[in-house]
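Residue-level listing of the chains:
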Amino acid sequence: MNRKLIYCLSFSLFFLCACGGSSVVEEVKESIEENVDGNTDDDNDDSSEEERIEGVLYPDELVQMMGKGFDVAWSEFNKYIENHDEQKVIDIAGAGFTMVRIRVNKPATDDLFSHLDEQIDQCLKHGLIPVLAFHGHDAEEGEDMEQAKQVTVDWWRTVAERYKDYSDLLVFNLFVELNGNLKKDHQLLNEFYADIIPAIRESNPYRILIVPPVGLSKPANLQYIQFPDETDPFIMMEWHCYAAGPALEGNKQWTTGTPEERQLVLDHFEAAKEYMKATGRSTWLGAWMAGNYNKGNEYDIPTQVQFATFFVRELAKIEVPWCINTDDKFYDYLNLTWYPEGEYGGIPVRDVILDTEKVALYSGEGYQGESLRLSPGEYDEAELQALNFDNKISSLMVPWGLKVIAYTGKGFAGTAHEYTRTTRSFSSKMENTISSLKVIDLETYD
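Everything in this summary refers to the structure shown in the same document.

About the cut-offs
Residues numbered from 1 in each chain as written. Predicted model: local features only at pLDDT ≥ 70, side-chain atom pairs only at ≥ 80, totals over all residues. Heavy atoms only, no water. Buried < 20%, exposed > 50% of the residue type's maximum accessible area, 1.4 Å probe, protein only. Helix = DSSP H or I, 4+ residues; strand = E, 2+ residues; numbered from the N terminus. Core = buried A, V, L, I, M, F, W, Y, C linked by side-chain atoms within 4.5 Å. Contact = heavy atoms within 4.5 Å. Axes fitted to C-alpha atoms, helices over the stretch in contact; angles between N-to-C directions. Parallel < 35°, antiparallel > 145°, perpendicular 65-115°, else oblique. Left-handed = near helix turned anticlockwise from the far one by under 90°. Nonpolar A, V, L, I, M, F, W, Y, C, P; charged D, E, K, R; others polar. Pairing = 2+ DSSP bridges.

What follows deals with helix α4 (residues 59-66). Counted residue by residue, α4 has six buried out of eight residues, so it is predominantly covered. Along α4, the residues classified as buried are P59, D60, E61, L62, V63 and M66.

For soluble globular proteins, nonpolar side chains are generally found buried alongside one another. Counting residues in each nonpolar core, the largest one holds 90 residues, and the members touching the most others are F175, W239, F269, L285, W288 and F311. In this structure W288 touches C241, Y242, A243, F307, A308, F311, V312, W322, C323, I324, N325 and I353, once residues within four positions along its chain are discounted. Formed by 19 residues, the second largest nonpolar core is a distinct cluster that contains L361, L402, L437 and V439.

Across the interface, helix α12 (residues 259-279) lies against helix α13 (residues 301-317) with an axial gap of 11 Å and an inter-helix angle of 30 degrees. In terms of orientation, α12 lies roughly parallel with respect to α13. Handedness of the α12/α13 crossing: right-handed. Along its contact with α12, which presents R262, V265, L266 and F269, the element α13 presents F307, F310, F311, E314 and L315. Residue composition of the contact of α12 with α13, by class: seven nonpolar, no polar and two charged.

A word on the sheet that holds strand β12 (residues 368-374). Taken together, the three strands give an open sheet; going across it, the order is β12-β11-β14, and neighbouring strands pair in antiparallel fashion. The open sheet terminates on both sides in strands that have one partner only, identified here as β12 and β14 (395-397). Taken over all neighbouring pairs, the strand axes of this sheet differ in orientation by 25 degrees on average, direction set aside. Direction of pairing for strand β11 (residues 359-364) relative to β12: antiparallel, over a ladder of five bridges.

The subject of this paragraph is the side chain of T356. Tracing the sequence through the fold places T356 in the loop between α14 (346-354) and β11. Assessed through its relative accessible area of 7%, T356 is described here as buried. The contact partners of T356, leaving out residues within four places of it in the chain, are A308, T309, V312, R313, P399 and L402.

So, about the sheet that holds strand β1 (residues 68-75). Taken together, the eight strands give a closed barrel; going around it, the order is β1-β2-β3-β4-β5-β6-β7-β8, and neighbouring strands pair in parallel fashion. The average undirected angle you get between the axes of adjacent strands in this sheet is 30 degrees.

Read these as geometric descriptors, not functional statements.
Put into structure tokens, the structure is as follows:
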């Protein structure tokens, strides 16, 4: 399939998504229509027919490749820099992730490049798309914003020159997330972009750049971004929601996943969808969490699995790739192994993030040991024996909306028990005695 056809199909899918009815989305839709000069659906159709540069990667093509990833602090904090190991890259890619956002807050010197080069090379070697993100503390917190802007411009000019000959799969993310002076000032942020983007384009005319808006990167604020060249086709947009996870109350409330709580999530997704439809720009969700990890995490693993199931399924409907915040909540970078469970998400949350349509079986309690993922269907003793999981199940992960009926006998006989929630251990009657089971799609969250 040629690049132009992929491009057209991608945007067609965006346009076919149904529009939401919340007041937030309507406000975003109206505001976009007022702020995007002359950008109509007809214009988007025309732009999709423009001739593309052969052999160059475009944002809509990148979106189809980015998939699911992690935010990583490999070049942000010294403890990660000093303990980085290629095995971590291998394990993340081996689990099924396809992207990492490498956050950087070090000066663009040989000291930074001594480890950043290695990390980027390892990602490309093992099939991870590296998104290089600048943590611009000076720009966010400094008093002299002209000086802060120049520091940021110089940093990106140096980094861009360093990596100008790297694969198109290396992506530049201009800021991790905006705080301080840039958090609410649309005009100031646009002034930064007006200088940063041309500085990068000096050496990287076709490199894909990802830019966030003000206000903790809320999708409703995407509409306020302006570029020095609005026709630049190699810019895509970043947005965040639930970057610090859900909360037990407030505007990110998640308790049992009520329709109202689900709508709070969907309002953000609808705002991003409306922006994509109105402008034709591709977008990416740069950070989200399945629990409120930064605050000690009040959510148990079954609830995190529930939230992650809904979040990932609904994101897939609008075809937006994403990174979860952050890999150290799931991966033990010192011992180079996945956390089975603990303070944060662990293996079962990782597994539902990777595939919301399959249950995961584990041979050990607490999601440890060998594992197996199963789609909805019936699995008698012969099937489980062929998969080496007969009488070998001690815990399981159940995505929201699926149900497992486990039987101690073959042919779906014997003692039976139903599971609709992720379970770290069974009763003595069920542990390591399951000889057949059914996985059922309930086709509802309620």
